[in-house]
Amino acid sequence: MNEAEFLASQTVPLIDDSTIDWSTVRRARYSFYQRFYYEYPGPIHDLKQRLIIIPAERFGIQHIRDHYLVFDPTPILKRESTDKFGNRVIELEVNQVDQGVSFEVGMLIESDTQFENHVSIAPDLAAYFLQQTPLTASDSSIYAVAAQLTAKSTTTYDLAQRISQWVFQVMHYQSGVTTVATTAGEVLTLRQGLCQDYAHLMLALCRAAQLPARYVSGHLLGKGGSHAWVEVFLVMEHGLEPVAFDPTNNRRPHPGYITVAVGRDYRDVAPTSGSFLAPYRGRLTIYKRAGVTLVEYSDGTTIQS
């Protein structure tokens, strides 16, 4: 798929996701377009940009069928690699930008619940996801809540679910009160924030309760911006496997969740980061169009836009 082909596909109407019964969806296909635009008051030099905006080829039941990525201006250097978490990382270098720089990504994504992809991790890697980070460090209040929830739980799954539900109940979704640098301890004091704050607080509680867990960055269809949730590693049939929880919405994620990257916290999976030389800062605007173009239910019923 090239850019022209994908942009032509954007004229296809999307299925109203509010009409989808995700609990009975067997397969779904999505069209996804996102544009990042940094605007500057004047020229900037030596831009080094890091992007984590395209998922790995496969993640769980999710498969990237095709994608394209366009940069303006054209970089003098482009590198693509896979980090230690399995994320697709793109690094760019541009000598000079006169006024603005844009990154456009188009993707065709498919999720198939029949796809068996049991991902287990070794105990030493699980221990890595038990380690605290600056954004998920536990304090006495977090340890106290973790101990209370642990005492009430009968299994590790029950404990993870109780933590997710507790975060949902004590938090109030509110923009403008936190940043991506707000710590879990600060979030617990504020009891307000966005999805990344819910995720960081849940991660801190899980790790304080000795449950290895990781941050998930992605998109929730039907919602405006990006989304964040948590995967807890629990002992399952095939070993230690990730089990997803969304504390912001108090539910288990369904096939309408698109995973982009995983890590210890937001800093590992920030969609855009980098540096440049200039005496001023840039302003970022993001546009996204994403939606479902095909749904196949477990009874064989298929809806296609």
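Residue numbering note: each chain is counted from 1, following its sequence as written. The predicted origin of the model limits local features to residues at a pLDDT of at least 70 and limits the giving and counting of side-chain atom pairs to 80 or more, whereas totals for whole chains, interfaces and linings rest on all residues. Side-chain numbers here rest on the full set of heavy atoms in the structure, without hydrogens or water.

J.: Let's hear about the nonpolar core: which residues, and what values?
T.: Counting residues in hydrophobic clusters, the biggest one holds 39 residues, and the most contacted among them are Ile163, Trp166, Val167, Leu205 and Val232. Of all the secondary structure elements, the ones that give two or more residues to this core are helix 3 (140-152), helix 4 (156-170), helix 5 (184-190), helix 6 (195-208), strand 10 (213-220), strand 11 (226-236), strand 12 (239-245) and strand 13 (257-263). A run of H or I in DSSP counts as a helix once it spans at least four residues, and a run of E counts as a strand once it spans at least two, with each numbered from the N terminus. Take this core: its biggest share by element is ten residues, from helix 6. By definition in these notes, contact holds between two residues if any of their heavy atoms fall within 4.5 Å. With sequence-adjacent residues up to four places away left out, Val167 is seen in contact with Tyr198, Leu201, Met202, Leu205 and Pro247. Side-chain atoms within 4.5 Å are what join buried Ala, Val, Leu, Ile, Met, Phe, Trp, Tyr and Cys residues into a set we call a nonpolar core. Whether a residue is buried, partly exposed or exposed follows from its accessible area with a 1.4 Å probe, protein chains only, as a fraction of its type maximum: under 20%, in between, or over 50%, in that order.

J.: Which residues make up the packing of helix 4 against helix 6, and what are the values?
T.: A pair of packed helices is captured by two measures, namely the crossing angle of their axes and the spacing between those axes. Fitted lines through C-alpha atoms give the axes, limited to the stretch in contact for helices. The angle between two N-to-C directions lies from 0 to 180 degrees. As a packed pair, helix 4 and helix 6 sit with axes 10 Å apart at the nearest point and diverge in direction by 140°. Relative to helix 6, the element helix 4 is oriented oblique. As helix 4 packs across helix 6, the resulting crossing turns out to be right-handed. The residues of helix 6 that touch helix 4, namely those facing Ala160, Ile163, Ser164, Trp166, Val167 and Phe168, are Tyr198, Leu201, Met202, Leu205 and Cys206. Among the residues making up the contact of helix 4 with helix 6, the classes are represented as ten nonpolar, one polar and no charged. The scheme is simple: roughly parallel for angles under 35 degrees, roughly antiparallel for over 145, roughly perpendicular for 65 to 115, oblique for anything else. By definition, any crossing whose near helix is turned counterclockwise from its far helix by less than a right angle is left-handed, and any crossing with a clockwise turn is right-handed. Under the scheme applied here, ten amino acids are nonpolar (Ala, Val, Leu, Ile, Met, Phe, Trp, Tyr, Cys and Pro), four are charged (Asp, Glu, Lys and Arg), and all others, including Gly, are polar.

J.: Account for the pairing of strand 5 (residues 77-82), naming residues and giving values.
T.: Regular strands place side chains that alternate from one sheet face to the opposite one. Strands are treated as partners if at least two bridges between them are detected by DSSP. With six bridges connecting them, strand 5 and strand 6 (residues 88-97) associate as antiparallel partners. Directly across from Lys78, in strand 6, lies its bridge partner Leu92. Connecting strand 5 to the next strand, strand 6, in antiparallel fashion are five residues, including Gly86 with a positive phi near 90°.

J.: Give a description of the sheet that holds strand 5 that names residues and reports values.
T.: Overall, antiparallel pairing links the four strands, which are arranged 5-6-2-14 in an open sheet. Here the strands that pair on one side only, and so sit at the sheet edges, are strand 5 and strand 14 (272-277). Here the strands of the sheet are splayed against their neighbours by 15° on average, with no regard to which way each runs.

J.: Any chance you could break down the packing of aromatic side chains for me, citing the residues and the numbers?
T.: Any two of the Phe, Tyr and Trp rings considered here, Trp counted by its six-membered ring, make a pair once their centres fall within 6.5 Å; the pair's planes then place it as stacked at under 30 degrees, edge-to-face at over 60, or tilted in between. Summed over the entire model, instances satisfying the criterion amount to 13 aromatic pairs. Relative to Phe276, the ring of Tyr40 has its centre 5.1 Å away and its plane inclined at 70°; by these criteria the two rings are edge-to-face. Remark: Phe276 occurs in strand 14 and Tyr40 occurs in the loop between strand 1 (25-39) and strand 2 (44-51); sequence separation between them is 236 residues. Centroid distance Phe129 to Phe233: 5.6 Å. Interplanar angle 25°. Geometry classified as stacked.

J.: So what's going on with the sheet that holds strand 7 (residues 100-112)? Which residues, and what values?
T.: If you trace the six strands from one edge of the open sheet to the other, you get 3-4-7-1-15-16, paired in antiparallel fashion. Single-partner strands in this sheet number two, and they are strand 3 (58-59) and strand 16 (302-304). Looking at chain direction, strand 1 and strand 7 are connected through 13 bridges and run antiparallel. Its bridge partner lying in strand 7, Tyr38 is registered against Val101.

J.: A description of the pairing of strand 13 should follow, citing residues and the corresponding values.
T.: Most of strand 13 is tucked away, with seven of its seven residues classed as buried. As paired elements, strand 10 and strand 13 share six bridges and run antiparallel to each other. Its bridge partner being in strand 13, His219 is matched across the sheet by Ile258.

J.: Please give an account of the side chain of Asp265 that cites residues and values.
T.: Within the secondary structure, Asp265 sits in the loop between strand 13 and helix 7 (266-269). Charge counting treats Lys and Arg as positive and Asp and Glu as negative, with His and both chain ends excluded. Salt bridges are defined by distance alone: a side-chain nitrogen of Lys or Arg within 4 Å of a carboxyl oxygen of Asp or Glu. Buried charge without a partner: Asp265 forms no salt bridge, and the closest opposite charge is Arg267, 5.6 Å away. In this structure the side chain of Asp265 is engaged in a polar contact, spanning 2.7 Å, whose partner is the side chain of Thr133. Distance and chemistry together define a polar contact, namely a pair of N or O atoms within 3.5 Å, with one atom able to donate a hydrogen and the other to accept it when in protein, and with adjacent residues in sequence counting only for side-chain atoms on both sides. There is a polar contact of 3.0 Å between the side chain of Asp265 and the backbone nitrogen of Arg267. If we skip the residues at most four places from it in the chain, Asp265 touches Thr133, Leu135, Thr136, His200 and Tyr215.

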